[in-house]
Amino acid sequence: MNDRIATTLREDPTMAALVDRHGRLAVEPADDEFARLCTSIVNQQLSTASAAAIHERFLGVVDGDPTPDRVLAADEDALREAGLSGTKVEYLRSAATEFRDGERDLTREGLADVDDDAVVEALTEIRGVGEWTARMYLIFALGREDVLPLGDLAVRKGLERVYNDGEELTRAEMREIGEAWRPYRSYGTRYVWAEYES
């Protein structure tokens, strides 16, 4: 995180306190976009702890970093024994097929000139990739700096805890809070997560 980003975030006094507490957090593109997408699919609707354990076993089944070929070749029973539901196995396979055989290049280079909404639209055409997974991809695979993923429960709960003493906020109110962080809302999101998980 550079000084310009820190200065922008610090204009929000509440966020300034989080920046002081958690230090400099990064938003960087992943080395491997497909592997990062697999992580998001595995993590769907799971607590952080169970997601980490299942992801570790999933990597064991695909013998290291997942590639489309390895995911498609992996034994379905072994994937299920790793803790993945049949539905998630199907989702991982449809993502692998899309990355390997699809017409669109979903890597950072392939999406460099595509705006966030169009990336979300392209990704959500893949079976098993919904809005949440697509927004995680924007932040963690592509390193996009201005994403506010209000579909994420931890972001919503974190915003309520940090900005409203745990009381409920509407999505409109949450978007309003996030406006102060533009064009670095992904960084603001990382700080809200860090605080929520601490």
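For the structure, see preceding data.
Residues numbered from 1 in each chain as written. Predicted model: local features only at pLDDT ≥ 70, side-chain atom pairs only at ≥ 80, totals over all residues. Heavy atoms only, no water.

## Details of the overall build of the chain
Line of reasoning, step 1. On a plain count of helices and strands, the chain comes out with 12 helices and 0 strands.
Line of reasoning, step 2. Listing every helix and strand of the chain by position from the N terminus yields α-α-α-α-α-α-α-α-α-α-α-α.
Line of reasoning, step 3. The principal-axis extents of the C-alpha atoms in the chain amount to approximately 50 × 35 × 30 Å.
Line of reasoning, step 4. Scored against the burial criterion, the 198 residues of the chain give a buried share of 46%.
Line of reasoning, step 5. Counted over contacts in the chain with a minimum sequence separation of 6, partners at least 24 positions apart contribute 65%. (Helix = DSSP H or I, 4+ residues; strand = E, 2+ residues; numbered from the N terminus. Buried < 20%, exposed > 50% of the residue type's maximum accessible area, 1.4 Å probe, protein only. Contact = heavy atoms within 4.5 Å.)

## Focus on the packing of aromatic side chains
Line of reasoning, step 1. Taken as a whole, this structure holds 4 aromatic pairs when the rule is applied.
Line of reasoning, step 2. Ring geometry for Tyr163 and Trp181: centres 6.3 Å apart, planes at 45°, overall tilted. Of this pair, Tyr163 sits in helix H10 (residues 153-164) while Trp181 sits in the loop between helix H11 (171-179) and helix H12 (185-197), and the two are 18 residues apart along the sequence.
Line of reasoning, step 3. Given the relative accessible area of 21%, Tyr163 is considered partly exposed.
Line of reasoning, step 4. Take Trp181: its relative accessible area is 0%, and that puts it in the buried class. (Phe/Tyr/Trp six-rings, centres within 6.5 Å; stacked < 30°, edge-to-face > 60°.)

## Observations concerning helix H3 (residues 33-43)
Structural remark: α-helix, 3.6 residues per turn; residues separated by three or four positions point the same way.
Line of reasoning, step 1. With 9 of its 11 residues buried, H3 lies for the most part within the structure.
Line of reasoning, step 2. Among the residues of H3, those classed as buried are Glu33, Phe34, Ala35, Leu37, Cys38, Thr39, Ser40, Ile41 and Val42.
Line of reasoning, step 3. On the buried face of H3, the contacting elements are helix H4 (48-61), helix H5 (68-73), helix H7 (86-101) and helix H9 (131-141).

## Focus: the environment of Val42
Line of reasoning, step 1. In this fold, Val42 is placed in helix H3.
Line of reasoning, step 2. Each C-alpha atom of the pair Val42 and Gly83 lies 9.5 Å from the other, and the pair is 41 residues apart in sequence.
Line of reasoning, step 3. Excluding its chain neighbours within four sequence positions, the residues that come into contact with Val42 are Ala51, Ile54, His55, Phe58, Leu84, Lys88 and Leu92.

## Things to note about the packing of H3 against H9
Line of reasoning, step 1. One can describe the packing of H3 onto H9 by two numbers: an axis separation of 9 Å at closest approach and a directional angle of 140°. The orientation of H3 with respect to H9, classified from their angle, is oblique. Remark: the crossing between H3 and H9 carries right-handed chirality. Packed against H3, whose contacting residues are Glu33, Arg36, Leu37, Ser40, Ile41 and Asn43, the element H9 presents Trp132, Thr133, Met136, Tyr137, Phe140 and Ala141 at the interface. (Axes fitted to C-alpha atoms, helices over the stretch in contact; angles between N-to-C directions. Parallel < 35°, antiparallel > 145°, perpendicular 65-115°, else oblique. Left-handed = near helix turned anticlockwise from the far one by under 90°.)

## Section: the side chain of Thr189
Line of reasoning, step 1. Assignment of secondary structure puts Thr189 in helix H12.
Line of reasoning, step 2. By relative accessible area, which is 0% here, Thr189 ends up buried.
Line of reasoning, step 3. Discounting residues that sit within four places of it in the chain, Thr189 has contacts with Val147, Leu148, Pro149, Val155 and Trp181.

These figures capture arrangement, not role.
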